[in-house]
Amino acid sequence: MTDQVILVLTTCPDSTEAERIAAALVTERLAACVNRVEGVRSTYAWNGQLQDDREVLLVIKTTSGRLGELEARLKALHPYELPELLIVPVSGGNERYLEWVRLGVMEKDK
């Protein structure tokens, strides 16, 4: 297996939504692991207004081969009109861990 491991970042409005999205992505094998980082404070402009919100950051571990399906599913699950979806390529790391991520997102019939 040589799919590149990637991190996908998104934010959620609260821990309930973050837990629901994380569980769905892992259960559906679109992510090997999702870290939920609480206590994030986001300041941004939306519809011409300055916003300052508490959010939960999701750090999603997956592969480039699963990205299309993960993106579609995340958009379907997410409560935001415009969910954050940032992709960070992983250039290296513990190879045994990277292989675990690759195995964790393999489709069940492969």
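So, a few notes on the structure that sits alongside this text. From a predicted model like this one, the values you see are computed outputs, not experimental measurements. (Residues numbered from 1 in each chain as written. Predicted model: local features only at pLDDT ≥ 70, side-chain atom pairs only at ≥ 80, totals over all residues. Heavy atoms only, no water.)

## Regarding the overall build of the protein chain
Turning to step 1, where the next piece is worked out: Helices and strands together make up the secondary structure of the protein chain, namely 3 helices and 4 strands.
Turning to step 2, where the next piece is worked out: In the protein chain, the succession of α and β elements from N to C terminus is β-α-β-β-α-β-α.
Turning to step 3, where the next piece is worked out: On C-alpha atoms alone, the protein chain measures out to a radius of gyration of 15 Å, which is about the 13 Å that the 2.2 N^0.38 rule sets for 110 residues.
Turning to step 4, where the next piece is worked out: Oriented by its inertia axes, the alpha-carbon framework of the protein chain measures out at about 45 × 25 × 20 Å.
Turning to step 5, where the next piece is worked out: Each of the 110 residues in the protein chain was classed as buried or not, and the buried ones make up 34%.
Turning to step 6, where the next piece is worked out: By sequence separation, contacts in the protein chain at least 24 residues apart represent 74% of the contacts at least 6 residues apart.
Turning to step 7, where the next piece is worked out: As displayed, the protein chain offers around 6700 Å² of accessible surface, 51% of which is attributable to carbon and sulfur atoms.
Turning to step 8, where the next piece is worked out: Put simply, the protein chain has 13 plus and 17 minus side-chain charges, and the middle of one group is 5 Å from the middle of the other. (Helix = DSSP H or I, 4+ residues; strand = E, 2+ residues; numbered from the N terminus. Rg over C-alpha atoms; globule rule 2.2 N^0.38 Å. Buried < 20%, exposed > 50% of the residue type's maximum accessible area, 1.4 Å probe, protein only. Contact = heavy atoms within 4.5 Å. Areas by Shrake-Rupley, 256 points an atom, 1.4 Å probe, with all protein chains shown as cover. Lys, Arg positive; Asp, Glu negative; His and termini not counted. Charge placed at Lys NZ, Arg CZ, Asp CG, Glu CD.)

## Some remarks on the environment of lysine 61
Turning to step 1, where the next piece is worked out: Mapped onto the secondary structure, lysine 61 falls in strand β3 (residues 49-63).
Turning to step 2, where the next piece is worked out: The class for lysine 61 is buried, based on a relative accessible area of 11%.
Turning to step 3, where the next piece is worked out: Separated by 41 residues in sequence, lysine 61 and arginine 102 have C-alpha atoms that sit 9.2 Å apart.
Turning to step 4, where the next piece is worked out: Beyond its immediate stretch of four places on either side in the chain, lysine 61 contacts Ile6, Leu7, Ala31, Ala32, Cys33, Asn35, Tyr97, Val101 and Val105.
Turning to step 5, where the next piece is worked out: Side chain to side chain, lysine 61 and asparagine 35 meet in a polar contact 2.2 Å long. (Polar contact = N/O pair within 3.5 Å; in protein donor to acceptor, adjacent residues only side chain to side chain.)

Any functional reading would require information beyond the geometric quantities listed.
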